[in-house]
Amino acid sequence: MAMIVLFLALLGLTSGLNINIERQCDKINPKVDLSDTFSENIAHAIHSMTVQGLRLFNPKVTEKNSVPTVNHNVSAPDLVVPYAPDDPIGHDFNTDVMNTIDHILSHIGLSDDGLGPYWSPIERVAHNFHMWDLWYRVHEEFESTVRDNPPKQDVCDCLMDTDHNGIRAAVQWVAEHYKSGTPITLLNRPIPKLTDAATWQVWKDRLLHYYDNNAAHDAALYLYCATKDF
Ligand SMILES: *[C@@H]1O[C@H](CO)[C@@H](O)[C@H](O)[C@H]1NC(C)=O
């Protein structure tokens, strides 16, 4: 029995993202410290990116960016759009936190927040604040290791070629899996509905998956390249 559980656990860890990568950006220059899972790490960081999130990295960014994201319109034929959309919060409340909650709850049931049909209201709130939390984590990495030692143009050219380096395909993987569930990582592991303290522990563990230095550094390099020319 224990062996079967172990086998299923290993299967769960290995049956996630399986995409064809033509350009291995981690191999173009031995000095570039991208990890070999850069496309998964970067796709996770950007799959629900917005103009507002990109402005952490450069306040001049507009919708004319080329960061691929999950289409907010889940009925549209294209699951992925080739840019991060403008998605401003309102000003009816006094703080950004409350205005963000207002923004999320004002779209419940409208199928236009890019998450698909399966997320409960509190799961949508947790996802939104998690992404902002992760973007701040990536921004800390950007300030401490990338701003003063930015990648060369050849690395940026490879990272921005998202049709061939696996990033767009990994964002597409997320979009496809939103049609049937609420994936948090790109590892295809089942996740319970978020209903209590015990299920929150599972969610919390899953949400913290891409906060390590390697994943944050991969995303910081990409977001430097994606925002530097505004
Ligand atoms: C979403 O996509 C569908 C199908 O392309 C389209 O008919 C609809 O107008 C779109 N909705 C919005 C809000 O753009």
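For the structure, check the block above.
Summary of the structure given here. A quick note: this is a predicted structure, and the numbers were derived from the prediction, not measured.

Definitions and limits used
Residues numbered from 1 in each chain as written. Predicted model: local features only at pLDDT ≥ 70, side-chain atom pairs only at ≥ 80, totals over all residues. Heavy atoms only, no water. Disulfide = S-S within 2.5 Å. Helix = DSSP H or I, 4+ residues; strand = E, 2+ residues; numbered from the N terminus. Buried < 20%, exposed > 50% of the residue type's maximum accessible area, 1.4 Å probe, protein only. Near = heavy atom within 4 Å. Polar contact = N/O pair within 3.5 Å; in protein donor to acceptor, adjacent residues only side chain to side chain. Nonpolar A, V, L, I, M, F, W, Y, C, P; charged D, E, K, R; others polar. Core = buried A, V, L, I, M, F, W, Y, C linked by side-chain atoms within 4.5 Å. Contact = heavy atoms within 4.5 Å.

### Things to note about the state of the cysteines
Consideration 1: Applying the stated criterion across every chain, the model contains 2 disulfides.
Consideration 2: Sulfur-sulfur distance for the disulfide between Cys25 and Cys158 comes to 2.2 Å. Residues Cys25 and Cys158 are joined by a disulfide whose S-S torsion is about -90°; by sign, that bridge is left-handed. One end of the pair, Cys25, is in the loop between α1 (2–14) and α2 (38–46); the other, Cys158, is in helix α6 (residues 153–160), with 133 residues separating them in the sequence. Note on accessibility: Cys25 and Cys158 belong to one class, buried.
Consideration 3: With a sulfur-sulfur separation of 2.1 Å, Cys156 is cross-linked through a disulfide to Cys225. Torsion about the S-S bond of the Cys156 and Cys225 cystine: about -75°, corresponding to left-handed handedness. Of the two residues, Cys156 is situated in helix α6 and Cys225 in helix α9 (residues 213–227); the sequence distance between them amounts to 69 residues.

### Describing the site of the ligand
Consideration 1: Within the structure, the ligand sits among Asn73, Ser75, Ala76 and Pro77.
Consideration 2: Between the ligand and Asn73, the relevant distance is 2.4 Å, taken from an oxygen atom to a side-chain nitrogen or oxygen of the residue.
Consideration 3: Residues of the shell around the ligand, tallied by class, amount to 2 nonpolar, 2 polar and no charged.

### A closer look at the nonpolar core
Soluble globular proteins: nonpolar side chains tend toward being buried together.
Consideration 1: Ranked by size, the top nonpolar core spans 55 residues in total, and within it Ile46, Met49, Val67, Leu159, Tyr222 and Leu223 carry the most contacts.
Consideration 2: With 9 residues, the single largest contributor to this core is α9.
Consideration 3: If we skip the residues at most four places from it in the chain, Met49 touches Leu54, Val67, Thr69, Ala84, Pro85, Trp135 and Leu223.

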